[in-house]
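Examination of the molecular architecture
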Amino acid sequence: MPNFAEMNGFQYLELAAWIISALFGLWMLVDMIRTNAAYSEDVLLSSREGEIEDELIVDPAHRG
Amino acid sequence: MTQAQATASHGEKVSLLRVLGPGHVWALGVGIVLVGEYMGWNFAVGKGGAVAALIACWFAGLLYTCVAMIDSEVTSTVAAAGGQYAQAKHIVGPLLAFNVGLFLVMAYTMLEAANAITLGYLVQAVGGMAGFEGGHDKPFIVLTIMFLAWLNYRGVYATLTFNLVITAIAFIAILVLFMAVTAAKVVPLNHAGLIHGETLPYGWMGVLAAMHFGLWYYLGIEGTTQAAEEVRSPARALPLGTMTGIITLLIAATMTWYICVGLMPWEYLGQATTPLFDAARLTSSVPLMVLLFIGTMFATLASANGCINDASRAWFSMGRDHYLPEWFGAVHPKYRTPFRSIIFLVPVALMFALGAPLDQVITFSILSGLLEYTVMSFNMIMFRNKWPLDTIKRGYVHPMHPLPAIVLLVLCGVTYFAVFLGYGTQLMAMMVFYIVASAWFHFHRYQFVRRGAQFTMNWPRPRGY
Amino acid sequence: MAKEGRYEPPKQSAFGQIFDSLFLLVLVSLSLFVPLWLGLAGGGKTELTFPEKTWQGMGQNDVTAAAFEKLGFTPETAHGIIASRFDYSFDPLTAIITALVITAYFIFVFRFSDKEYRDVIRERFGDK
């Protein structure tokens, strides 16, 4: 365990970087596992190359 | 998001989201590359002197103008994620497409690693300047990769809008510095004095060798094509974004050369880590120093961000065609991103960023890019032969065919030699890798691929087949 | 479209998918790290020798000397940077072998691609 009393500002920054990295990683991992479980593979793998479907064109600038 | 959720809850189909405009395409292309002006291009000065670096800058600019022209024509016709991979698949054949897909993933993932290394170094250096000795760079390398992967995972629109903002700031920083030293004359430029008679210290051999890092001024601009399934009108936005991108880079590269060579001796410039930031330091102006530091940070972030986007698109499209395990071909039903590919490439990037020295990582990235450009020139000639201009409608037709393809091939040949001069062993190791991977694909992996179905474009039968 | 003669690929097991992913990972890391382990990475360098370690002695003029000093260098600390030169001598045989390997690689890839491509076109557009 690091000795918090003796750490300088930069070491706190390093520790924070490690913790935030771990949180991002954990978030992605948990979301991936939950998504894999919530949807069937057929849905997840249903994208096809080069498809241009008009109803899929979303324009965020003009979204209500 | 209502549209996305509605599609997903029908339980039928999910695909990538078409939300991007030409500005995003520009940001994706320039964002990946602009970091090259902030660091890396100056190794060309070390390789052959200041004048050799300028010659290399323009020849590499010519090479990339050819790349951008060819890319624009083919991509405005083959609008599919995976970019050059999908193009090679339709025009040349599966094995080459597999190789191109690997070139893309390797070039971008290595570049991402190089950016993360640089960012970690910058934070560590600033910590040192603030009086904290013995700081580590690793936590910040990891944080960069994890944060950007997360951003990419959450959706392409936010990712590339973020890129648009930080890339624009980084570009404006170069413009401001250029105006400050030329128009406002905050510090005198003295090109002749600083070159001090050593115009070409290595002769013409040095010009050749400088081509190795000359590519670094522009490497990655071809990544614009990866966004093909996510732009609202690919036939218009892709050529527009790519061409404005290469123009931006030509301007930025020439300005960067002019500023740096006018302020620093070539011997120093040739090995500097952050040349533009050093140039700002030499102006003794604190606002310029802060601006160029921010520019360096943003350029690095934008590049790594775009690389994650491009590498995961290429990996995803290969998974979708079963060139790679089909598991990778999944799209997230809510965020509409290739989420499994993004996650899989995180440990790969971490391994390169934490385990290999910067110049090695850069060389591998350059080599993979170089192989890809070589393929492009053949690709272009075969595209016009199999489908002449009157057989399919193109969004953009590039002029003077086949001159760009031939010029591209010649310049690629020169650059192979330049890489060979310093990194012959890596060049060989890389070739062995691609040869083994190709054999593996042809004799093992290809059995899982549907044959006719992978040709998805609505084109007539190619001529001669 | 020709329905008969269509190639139906086998479904790959989960284990096979994991194995294939790992195989590529190992291959990538080997090609990156083997040259490093063998110490074969990096280009050759030489050093210039100067009569004395002053700006004048190292071939610098007033302009470059001032720039070096502004960057925080003394003639002592800048010596390594100024003296370092790349060594561009190379073995022609190695150059030829490398060129042959690259050419052979492209020929091999384009030929096998073409073979596979003919299958794709036959299935997609039917026999002529």
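Under the criterion given, the structure shown has four cavities of 30 Å³ or more. The calculated volume of the largest cavity comes to roughly 120 Å³. As for the largest cavity, its lining consists of B:Leu102, B:Val105, B:Met106, B:Thr109, B:Trp315, B:Phe344, B:Leu345, B:Val348, B:Phe352, C:Leu24, C:Leu25 and C:Val28. Going through the elements one at a time, α7 (94-129) and α16 (339-355) of chain B together with α1 (14-37) of chain C are the ones with two or more residues in the lining of the largest cavity. Of the residues assigned to the lining of the largest cavity, the class counts are eleven nonpolar, one polar and no charged.

Okay, the nonpolar core next. Residue and element names in this part refer to chain B. If you look at the biggest cluster of nonpolar residues, it comprises 193 residues, and the most contacted ones within it are Tyr 64, Tyr 218 and Tyr 373. The dominant element in this core, judged by the number of residues it contributes, is α7, at 18 residues. Tyr 373 has contacts with Leu 63, Tyr 64, Val 67, Leu 215, Leu 219, Gly 220, Glu 222, Leu 408 and Cys 412, leaving out every residue within four places of it along the chain. Val 25, Leu 28, Leu 160 and Leu 238 belong to the second-largest nonpolar core, a separate cluster that totals 13 residues.

Quick look at the interface of chain B and chain A now. Interfaces are often sized by the accessible area lost when the parts come together. Residue-level contacts link 56 residues of chain B with 37 residues of chain A. Together, the buried faces of chain B and chain A total about 4,100 Å²; carbon and sulfur atoms form 65% of this surface. Counting the contacts that link chain B with chain A gives two salt bridges. Where B:Arg340 meets A:Glu41, a salt bridge forms, and the shortest distance between an N and an O atom there is 2.7 Å. Taken together, the links from chain B to chain A amount to 14 residue pairs in polar contact (both at pLDDT 80 or more). Breaking the side of chain B that touches chain A down by element, the ones donating at least two residues are α1 (2-9), α6 (84-91), α7, α8 (138-153), α15 (286-320) and α16 of chain B. Here the side of chain B that touches chain A gets ten residues from one element, more than from any other, and that element is α8(B). Residues that form the side of chain B that touches chain A fall into these classes: 30 nonpolar, 13 polar and 13 charged.

What follows covers the interface of chain C and chain B. Residue-level contacts link 68 residues of chain C with 101 residues of chain B. The junction of chain C with chain B conceals about 7,300 Å² of combined surface from both sides, 71% of it contributed by carbon and sulfur atoms. Of all residues in chain C, the largest losses of buried area upon contact with chain B belong to C:Tyr88, C:Tyr105 and C:Tyr117, amounting jointly to 11% of the total for that side. The tally of links from chain C across to chain B stands at four salt bridges. In terms of residues, the side of chain C that touches chain B owes the most to one element, helix α4 (residues 92-125) of chain C, which gives 23 residues.

A separate point is α6(B). Since there are 3.6 residues in each turn of an α-helix, residues three or four apart along the chain are aligned in direction. Counting buried positions along α6(B) yields eight of eight residues, so the element is predominantly enclosed. Residues of α6(B) that are buried include every one of B:Gln84, B:Tyr85, B:Ala86, B:Gln87, B:Ala88, B:Lys89, B:His90 and B:Ile91, and no others. Summarising the contacts, the buried residues of α6(B) are in contact with α5 (50-75), α7, α15 and α17 (358-386) of chain B together with α4 of chain C. Positive phi appears at B:Gly93, one or two residues downstream of α6(B), with a value of about 150°.

Before going further, it helps to spend a moment on the environment of B:Glu133. By the secondary structure assignment, B:Glu133 is in the loop between α7 and α8. Residues B:Glu133 and B:Leu148, 15 residues apart in the sequence, show an inter-C-alpha distance of 28 Å.

For the rest of this paragraph, the subject is unusual backbone geometry. Residues and elements named next belong to chain B. Note the cis peptide between His 401 and Pro 402, where omega equals 5°. With respect to the element layout, Pro 402 can be found in the loop between α17 and α18 (403-443). Of note in the backbone geometry, Lys 185 takes a positive phi value of approximately 50° without being a glycine. The topology assignment puts Lys 185 in the loop between α9 (156-182) and α10 (191-195). By relative accessible area, which is 61% here, Lys 185 ends up exposed. Located in the positive-phi region is His 196, a residue other than glycine, with phi close to 30°. As for its placement among the helices and strands, His 196 is situated in the loop between α10 and α11 (203-214). Here His 196 falls in the buried class, since its relative accessible area comes to 14%.

So, on to the environment of A:Gly25. Residues and elements named next belong to chain A. Within the secondary structure, Gly 25 is located in helix α1 (residues 9-38). Looking at Gly 25, the relative accessible area reads 15%, which means it is buried. Through-space distance from the C-alpha of Gly 25 to that of Phe 10 is 22 Å; in sequence the pair is 15 residues apart.

In this section: the arrangement of the chains. Across the two pairs of chains that are in contact, the largest number of contacts falls between chains B and C. At their nearest point, the C-alpha atoms of chain A and chain C are still 12 Å apart, with no contact between the two.

What characterises a pair of aromatic rings is the spacing of the ring centres plus the angle enclosed by the ring planes. By the definition in use, this model includes 53 aromatic pairs over all chains. Their ring planes at 90° and their centres at 5.4 Å tell us that B:Tyr85 and B:Tyr323 sit as a pair that is edge-to-face. Residue B:Tyr85 is found in helix α6, and its partner B:Tyr323 is found in the loop between α15 and α16; the two are separated by 238 residues along the sequence. Take B:Tyr85 and B:Tyr323: they sit in the same class, and that class is buried. Feature note: the residues A:Phe24, A:Trp27, B:Phe147, B:Trp150, B:Tyr153, B:Phe162, B:Tyr335 and B:Phe339 constitute an aromatic cluster, connected by ring pairs. Above the plane of the ring of C:Phe86 lies B:Lys47, whose end atom (NZ or CZ) is 4.7 Å from the centre. The ring of C:Phe112 has C:Lys115 sitting right over it, with the charged end atom 5.4 Å from the ring centre.

What the domain assignment reports for chain C is domain 1 (12-42), domain 2 (44-89) and domain 3 (91-122). Once you take the C-alpha centre of each, domain 2 of chain C and domain 3 of chain C turn out to be 45 Å apart.

What follows deals with a nonpolar patch on the surface. Residues and elements named next belong to chain B. Residues Val 165, Ile 169, Val 286, Val 290 and Ile 294 make up a contiguous nonpolar surface patch of roughly 380 Å² in combined accessible area. At the level of elements, α9 and α15 are the ones that each hand at least two residues to the nonpolar patch. Following the sequence through the fold, Ile 169 ends up in helix α9. Since its relative accessible area comes to 32%, Ile 169 is described here as partly exposed.

Right, let's get into the confidence of the model for chain C. The share of residues in chain C with pLDDT of 70 or more is 94%, and the mean pLDDT across the chain is 87. When mean pLDDT is taken per element in chain C, α4(C) scores highest with 95 and strand β1 (residues 45-47) of chain C scores lowest with 83.

Residue and element names in this part refer to chain B. Tracing the backbone through its elements, the reader meets Asn 115 in helix α7. Judged by relative accessible area, which is 4%, Asn 115 ranks as buried. One polar contact links Asn 115 to Ser 303, side chain to side chain, over a distance of 2.6 Å. Leaving out residues up to four positions away in the same chain, Asn 115 has contacts with Val 35, Thr 300, Ser 303 and Ala 304.

Next up on the list: the confidence of the model for chain A. Residues at a pLDDT of 70 or more form 70% of chain A, whose mean pLDDT is 80. Confidence drops under a pLDDT of 50 for residues 53-64 of chain A, and excluding neighbours within four residues, the segment shows 19 contacts in the predicted structure.

Reading the values: the criteria
- Residues numbered from 1 in each chain as written.
- Chains lettered and ligands numbered in written order.
- Predicted model: local features only at pLDDT ≥ 70, side-chain atom pairs only at ≥ 80, totals over all residues.
- Heavy atoms only, no water.
- 1 Å grid on protein atoms, 1.4 Å probe; cavity = no way out; pocket = protein on both sides within 12 Å on 5 of 7 lines; lining within 4 Å.
- Points joined across faces, edges and corners; volume = space filled by probe spheres on them.
- Helix = DSSP H or I, 4+ residues; strand = E, 2+ residues; numbered from the N terminus.
- Nonpolar A, V, L, I, M, F, W, Y, C, P; charged D, E, K, R; others polar.
- Core = buried A, V, L, I, M, F, W, Y, C linked by side-chain atoms within 4.5 Å.
- Buried < 20%, exposed > 50% of the residue type's maximum accessible area, 1.4 Å probe, protein only.
- Contact = heavy atoms within 4.5 Å.
- Buried area = accessible area lost by both parts, 1.4 Å probe.
- Salt bridge = Lys/Arg side-chain N within 4 Å of Asp/Glu carboxyl O.
- Polar contact = N/O pair within 3.5 Å; in protein donor to acceptor, adjacent residues only side chain to side chain.
- Phe/Tyr/Trp six-rings, centres within 6.5 Å; stacked < 30°, edge-to-face > 60°.
- Lys NZ or Arg CZ within 6 Å of the ring centre and 35° of its normal.
- Domains from an automatic or database assignment.
- Patch = residues over 30% accessible without salt bridge, like charges linked within 9 Å, V, L, I, M, F, W, Y side chains within 5 Å.
- Areas by Shrake-Rupley, 256 points an atom, 1.4 Å probe, with all protein chains shown as cover.
- pLDDT = per-residue confidence, 0-100.

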